[in-house]
Amino acid sequence: MPDVLIQYQAEIVQAILETFIMVGASIVAAVLVGLPVGTLLFLCQKGKVLENKLVHTVLNLLVNIIRSFPFLLLVVFLIPFTRLLVGTAIGTTAAIVPLAIIAIAHYSRLVEQSLLDVPKGVIEAAISMGASVNAIIFKFLYVEARSGLVLGLTTSTISFISYSTIMGVVGGGGIGDFAIRYGYQQFRTDLMMYMIIIMILLVQLIQIIGMTVARKIDKR
Amino acid sequence: MIQLKTVSKKFNNEMAIQDVSLTIQKGDIYGLIGPSGAGKSTLLRMMNLLERPTTGDVFIEGKSLTNLSNAKLREARKSIGMIFQQFNLVANKSVYKNIEIALELANFPKSERKARVEECLKFVGLEAMQHKYPAQLSGGQKQRVAIARAIANNPTILLCDEPTSSLDPSTTNEILSVLQSINQTFGVTIIIVSHEMDVIKSICTRVSVLSEGQLYETVDIMPLGIHTIEAHPQSFVDALRMGGE
Ligand SMILES: Nc1ncnc2c1ncn2[C@@H]1O[C@H](COP(=O)(O)OP(=O)(O)O)[C@@H](O)[C@H]1O
Ligand SMILES: [Mg+2]
């Protein structure tokens, strides 16, 4: 291992840990909230089983608004809300709030798109068998769309890594923050390069895992 | 017995079905024929309320479907099987799971599901295929799985929307004989929508002709039998003369 990495080992490990926490929390938010929101977006569309123009319009607008913010601005804009929620707007925990919000908006849109790929006829077959809305979601939609849902989460996760890199502005830390602090502010290009390599490897790894899983569970 | 009472269906501003009334007797193999866009599918889909009539009512065994609560409607649908032109199997479920899901939705006793799935698979001649996925099957095999799924919960009615329209003639015959044997073995009332005169003439006992959303005429016929579709050249000539496909 190069000497600089050993010299900064503790800080780098800390930065990687912070990135994992921020990205991990984003994934949890995406799955726990983004998945249901995306499902609702889909089901409330015209002609779908929960058709509801009001709910669809409101959710759609919210998701669009959140996604149209430049992320840095969203972080700043959310500072009062973050402070209200976690008591502080600074630090890794506080960074999770804007990350979770963008994660939910990001993934819910991809969920909606994946569900749109499920053939309409499959849903009709489910209805004709007397399936409830719950059964339609869990026993048909998610089963049929599962590889799309996994690929969507893969794409989202890679975006979350990118979003997490700017969390230094609110003291969130992470690999990106480390790279900017040393590489940009202290002209340690070597350190920055190593951080970029770590990021590239991380993204590759996630992409490979996502693709492999998606392919394995796809029987279509 | 299925009764449609002056049902109409409006899509946007177009009338897809206009004041159609018809009665289908228990045990019939009932055909609905007409050109594309005549409203056959819409009419069929009213019989399990996949399509809710804009006006009029649908009765199954004398009970109105349109007045049922959601839960009661789901219950009613469990004894009305349906198959489709595109089969509509769940691609990510094995053949076995595709059939089992119908039993699961109907709260069929868990311990008896396996035996019932295998019984249904045997009936359609696919017992060896239970671990395959739909993508590994031919069109005819997929439709057999769809049929097994539709009859798994012992329905009294089987709705068939162009069940053979994406199949070749010999596979069409196989599927038609499966349908006929479901009717004869279990007494299931079968309604077949098709734009193909051959299909209707081979197994239906009563046929309604639809045209532009209206009932044109209903006739009782003697089913010609399935084998004649291919075996008898005259049936091709007849079909051609009828202008059918
Ligand atoms: N969901 C729908 N939305 C709008 N129009 C529809 C819908 N379903 C059917 N139609 C229209 O209703 C008419 C009858 O359709 P359909 O019942 O599918 O005819 P068929 O099965 O006889 O070919 C057609 O003009 C079709 O375009
Ligand atoms: Mg049709």
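Residues numbered from 1 in each chain as written. Chains lettered and ligands numbered in written order. Predicted model: local features only at pLDDT ≥ 70, side-chain atom pairs only at ≥ 80, totals over all residues. Heavy atoms only, no water.

A word on the sheet that holds strand β6 (residues 80–83) of chain B
Residues and elements named next belong to chain B.
Part 1 of the reasoning: As summarised here, the arrangement of the six strands in space is β6-β7-β8-β3-β9-β10, forming an open sheet in which the pairing is mixed. In this open sheet, the two edge strands, each paired with only one partner strand, are β6 and β10 (214–220). Going across the sheet, the axis of each strand differs from the next one's by a mean of 15°, ignoring polarity.
Part 2 of the reasoning: Here strand β9 (residues 206–211) pairs with β10 via six bridges, running antiparallel. Paired with leucine 210 across the two strands is leucine 215, which belongs to β10.
Part 3 of the reasoning: Lying over the sheet, helix α5 (residues 139–151) contacts β6 and β7 (157–161), oriented at roughly 170° with respect to β6. (Pairing = 2+ DSSP bridges. Helix = DSSP H or I, 4+ residues; strand = E, 2+ residues; numbered from the N terminus. Axes fitted to C-alpha atoms, helices over the stretch in contact; angles between N-to-C directions. Contact = heavy atoms within 4.5 Å.)

Notes on the site of ligand 1
Residues and elements named next belong to chain B.
Part 1 of the reasoning: In the vicinity of ligand 1, the residues found are Phe11, Ala16, Pro35, Ser36, Gly37, Ala38, Gly39, Lys40, Ser41 and Thr42.
Part 2 of the reasoning: One of the backbone N or O atoms of glycine 37 is found 2.7 Å from an oxygen atom in ligand 1.
Part 3 of the reasoning: With respect to ligand 1, the backbone of lysine 40 contributes an N or O atom lying 2.9 Å from an oxygen atom.
Part 4 of the reasoning: Relative to its unbound accessible area of 560 Å², ligand 1 is 58% covered by the protein chains.
Part 5 of the reasoning: Here the element with the most residues in the shell around ligand 1 is helix α1 (residues 40–46); it accounts for three residues.
Part 6 of the reasoning: For the shell around ligand 1, the residue count by class is four nonpolar, five polar and one charged. (Near = heavy atom within 4 Å. Polar contact = N/O pair within 3.5 Å; in protein donor to acceptor, adjacent residues only side chain to side chain. Areas by Shrake-Rupley, 256 points an atom, 1.4 Å probe, with all protein chains shown as cover. Nonpolar A, V, L, I, M, F, W, Y, C, P; charged D, E, K, R; others polar.)

Examining the packing of helix α2 (residues 9–43) of chain A against helix α3 (residues 53–68) of chain A
Residues and elements named next belong to chain A.
Part 1 of the reasoning: With their axes 9 Å apart at the nearest point, α2 and α3 run at an angle of 130° to one another. One element, α2, and the other, α3, form an angle in the oblique class. Both α2 and α3 take part in a crossing whose hand is left-handed. Contacts from Val37, Leu40 and Leu41 in α2 reach Val55, His56, Leu59, Asn60 and Val63 in α3.
Part 2 of the reasoning: Classifying every residue of the contact of α2 with α3 gives six nonpolar, two polar and no charged. (Parallel < 35°, antiparallel > 145°, perpendicular 65-115°, else oblique. Left-handed = near helix turned anticlockwise from the far one by under 90°.)

Considerations on the packing of α2 of chain A against helix α8 (residues 133–144) of chain A
Residue and element names in this part refer to chain A.
Part 1 of the reasoning: At a minimum axis separation of 13 Å, α2 and α8 run at an interaxial angle of 105°. Taken together, the axes of α2 and α8 lie roughly perpendicular to each other. In contact with Leu35, Thr39, Phe42 and Leu43 of α2, α8 contributes Val133, Ile137, Leu141 and Tyr142.
Part 2 of the reasoning: In the contact of α2 with α8, the residues fall into seven nonpolar, one polar and no charged.

So, the interface of chain B and chain A
Part 1 of the reasoning: Listed as interface residues are 22 residues of chain B and, on the opposing side, 20 residues of chain A.
Part 2 of the reasoning: Summing both partners gives a buried area of about 1900 Å² for chain B against chain A, and 61% of it is carried by carbon and sulfur.
Part 3 of the reasoning: Contact with chain A buries area across many residues of chain B, yet Arg74, Asn92 and Leu105 of chain B alone supply 31% of it, more than any other trio.
Part 4 of the reasoning: Taking the shortest distance from any N to any O, the salt bridge between glutamate 104 of chain B and lysine 139 of chain A comes out at 2.6 Å.
Part 5 of the reasoning: The interface formed by chain B and chain A includes nine residue pairs in polar contact (both at pLDDT 80 or more).
Part 6 of the reasoning: Only α2 (70–77), β6 and α3 (95–105) of chain B provide two or more residues apiece to the side of chain B that touches chain A.
Part 7 of the reasoning: Sorting elements by how many residues they give to the side of chain B that touches chain A places α3 of chain B first, with four residues.
Part 8 of the reasoning: Of the residues in the side of chain B that touches chain A, the class split is twelve nonpolar, three polar and seven charged. (Buried area = accessible area lost by both parts, 1.4 Å probe. Salt bridge = Lys/Arg side-chain N within 4 Å of Asp/Glu carboxyl O.)

Observations regarding the state of the cysteines
Part 1 of the reasoning: Evaluated as defined, the whole model comprises zero disulfides over all chains.
Part 2 of the reasoning: In this structure cysteine 160 of chain B is not part of a disulfide, and its nearest cysteine sulfur, from cysteine 204 of chain B, lies 9.2 Å away. (Disulfide = S-S within 2.5 Å.)

As for the domain arrangement of chain B
Residue and element names in this part refer to chain B.
Part 1 of the reasoning: One can read the domain layout of chain B as domain 1 (2–79 + 157–244) and domain 2 (88–154).
Part 2 of the reasoning: In this structure, domain 1 and domain 2 have C-alpha centres spaced 23 Å apart.
Part 3 of the reasoning: Here domain 1 meets domain 2 over a buried area of about 1000 Å², counting both sides, of which 72% is carbon and sulfur.
Part 4 of the reasoning: Broken down residue by residue, the surface that domain 1 buries against domain 2 is led by Lys78, Ile175 and Val178, which jointly contribute 42%.
Part 5 of the reasoning: Between domain 1 and domain 2 we count one salt bridge in total.
Part 6 of the reasoning: With a closest N to O distance of 3.0 Å, arginine 144 and glutamate 174 form a salt bridge.
Part 7 of the reasoning: For the pair domain 1 and domain 2, the number of links is four residue pairs in polar contact (both at pLDDT 80 or more). (Domains from an automatic or database assignment.)

Digging into a nonpolar patch on the surface
Part 1 of the reasoning: On the surface, a cluster of nonpolar side chains totalling about 330 Å² of accessible area is made up of Val28, Val31, Leu32 and Val33 of chain A.
Part 2 of the reasoning: Residue position: valine 31 of chain A is located in helix α2. (Patch = residues over 30% accessible without salt bridge, like charges linked within 9 Å, V, L, I, M, F, W, Y side chains within 5 Å.)

Let's talk about the nonpolar core
Part 1 of the reasoning: Leu141 of chain A together with Leu43, Leu158, Leu179 and Ile191 of chain B are the most contacted members of the largest nonpolar core, which has 138 residues in total.
Part 2 of the reasoning: Here leucine 158 of chain B is in contact with Gly81, Met82, Ile83, Ala150, Ile151, Leu179, Ile182, Val188, Thr189, Ile190 and Ile191 of chain B, once residues within four sequence places are set aside. (Core = buried A, V, L, I, M, F, W, Y, C linked by side-chain atoms within 4.5 Å. Buried < 20%, exposed > 50% of the residue type's maximum accessible area, 1.4 Å probe, protein only.)

Comments concerning the pattern of salt bridges
If the charged atoms of two oppositely charged side chains come close together, the side chains can form a pair.
Part 1 of the reasoning: What the rule picks out here adds up to 15 salt bridges over all chains.
Part 2 of the reasoning: Among the charged side chains, a network of salt bridges with common partners joins Glu11, Asp177 and Arg181 of chain A.

Digging into α8 of chain A
Part 1 of the reasoning: Among all positions of α8 of chain A, only Ala135, Ile136, Ile137, Phe140, Leu141, Tyr142, Val143 and Glu144 of chain A are buried.
Part 2 of the reasoning: In this structure, the buried residues of α8 of chain A make contact with α2, α6 (92–116), α7 (120–128) and α9 (146–164) of chain A together with α3 of chain B.

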